Amino acid sequence: MQLYLPIAELPVNMLLILGMGLAVGFISGMFGVGGGFLLTPLLIFIGIPPAIAVASVSGQIAASSLSGTLSYWRKNAVDAKLAGVLLGGSVIGSLGGVVAFTLLRRAGQLDLFIAVSYVTLLSGIGLLMVLESSRAIARSRSGEPPKPVPTRDRRVASSLPLMVNFPRSRITVSIIPVMAIGLGIGFLGSMMGIGGGFLLVPALIYLLRVSTSVVIGTSSLQTLITMLLTVVFHAVTNASVDVVLALLLMIGGVIGAQFGARTSLTMKGEELRLMLGLVVLAVGVRFLVDLVLRPDDPFTNTIMEWSVR
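Residues numbered from 1 in each chain as written. Predicted model: local features only at pLDDT ≥ 70, side-chain atom pairs only at ≥ 80, totals over all residues. Heavy atoms only, no water.

Draft legend 1. Region of interest: the overall build of the chain. Within the chain, the regular secondary structure consists of twelve helices and four strands. Counting all 309 residues of the chain, 53% fall into the buried class. Partitioning the contacts of the chain with sequence separation of at least 6, the portion at a separation of at least 24 is 80%. (Helix = DSSP H or I, 4+ residues; strand = E, 2+ residues; numbered from the N terminus. Buried < 20%, exposed > 50% of the residue type's maximum accessible area, 1.4 Å probe, protein only. Contact = heavy atoms within 4.5 Å.)

Laid out in structure tokens, this is it:
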């Protein structure tokens, strides 16, 4: 069933788009991530211009995050105070990212930036998560006691001013590094069409030592508000949000997120980290293959074709 996208200016299979939203929504609810790190590349791979994909996916991320956040909130698995501090940095980062997005698009370098960023971030972070979670699972199966949580990762955060206690997450740290994390997530989210959860979740777990059971719901709440702001920024600044595409993705995403949130509550933290790491790594490798493979026509750059449509 073909449907014409007015902003992207091309027809797409409606069932295919709904299916993508459903699958990515499931992943979003399961891991507490926005899912844009997977959905944006999928849209680009089927021919959606990168600028349109990045802006439109933000709406789907917000919808999926809302669905997931409601599920975790009902289960008391959200640290609203921590999410609020993260949001303070995310708002500034999102606005800065939209400005940079506009400048790179005008300079004709946006598509290359998106591809290189996905390869670098996804491959590196995915590999680290796979290695760490694999070691944790191996220790668990061998009966070896878990290693004590190192405190050196929080020494810097604990020595800075503006200390705040987050009782739900059971940590006391300065809000400066927390806001810095939010700022970085907001910037990358608006630049790359990602909710930033795949960065936020490991950052909170490995840097601030927040409990996995709380960090996923907190990530969903922070992603929800950040992506809502990003949609508004992109719509006003670039007019690149395709409402038809975003609505199709939202419908599938909301349904999928509910099932994903329920599934995650039945799994161990290290298993969730391993699965998320494998997904992140796979997408990064896919982008790397596209960058290094010789195109069928050496005089045709597919990414450049998308940007001028």
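Structure's up, so let's keep going.
Draft legend 2. Summary view of unusual backbone geometry. Located in the positive-phi region is Asn76, a residue other than glycine, with phi close to 55 degrees. Within the secondary structure, Asn76 is located in the loop between α3 (50–74) and α4 (80–107).

Draft legend 3. A look at the packing of helix α7 (residues 175–192) against helix α9 (residues 212–237). Viewed as axis vectors pointing N to C, α7 and α9 meet at an angle of 50 degrees, and their least axial separation amounts to 10 Å. It follows from the interaxial angle that α7 and α9 lie oblique. Read as a crossing pair, α7 and α9 show a hand that is right-handed. Listed contacts from α9 to Ile185, Gly186, Gly189 and Ser190 of α7 are Gln222, Thr226, Met227, Thr230 and His234. Within the contact of α7 with α9, the residues separate by chemical class into two nonpolar, seven polar and no charged. (Axes fitted to C-alpha atoms, helices over the stretch in contact; angles between N-to-C directions. Parallel < 35°, antiparallel > 145°, perpendicular 65-115°, else oblique. Left-handed = near helix turned anticlockwise from the far one by under 90°. Nonpolar A, V, L, I, M, F, W, Y, C, P; charged D, E, K, R; others polar.)

Draft legend 4. Molecular detail of the packing of α4 against α9. Remark: α4 packs on α9, axes separated minimally by 9 Å, with the N-to-C direction vectors making an angle of 25 degrees. Classified by the angle their axes make, α4 and α9 are roughly parallel. Seen from above, α4 lies across α9 with right-handed handedness. Across the interface between the two elements, Ala80, Leu82, Ala83, Leu86, Leu87, Ser90, Val91, Ser94, Leu95, Val98, Phe101 and Thr102 of α4 pack against Thr218, Leu221, Gln222, Ile225, Thr226, Leu229, Thr230, Phe233, His234 and Thr237 of α9.

Draft legend 5. Quick peek at a nonpolar patch on the surface. On the surface, Leu22, Ile251, Ile255 and Phe259 cluster together into a nonpolar patch covering about 380 Å² of accessible area. Counting through the fold element by element, Ile255 comes out in helix α10 (residues 243–264). A relative accessible area of 44% means that Ile255 is categorised as partly exposed. (Patch = residues over 30% accessible without salt bridge, like charges linked within 9 Å, V, L, I, M, F, W, Y side chains within 5 Å. Areas by Shrake-Rupley, 256 points an atom, 1.4 Å probe, with all protein chains shown as cover. Salt bridge = Lys/Arg side-chain N within 4 Å of Asp/Glu carboxyl O.)

Draft legend 6. Geometry of the side chain of Ser56. As for its position among the elements, Ser56 is in helix α3. For Ser56, a relative accessible area of 0% puts it in the buried group. In this structure the side chain of Ser56 is engaged in a polar contact, spanning 2.9 Å, whose partner is the backbone oxygen of Ile52. Filtering out sequence-adjacent residues up to four positions away, Ser56 remains in contact with Ser240, Val241, Asp242, Leu245 and Ala246. (Polar contact = N/O pair within 3.5 Å; in protein donor to acceptor, adjacent residues only side chain to side chain.)

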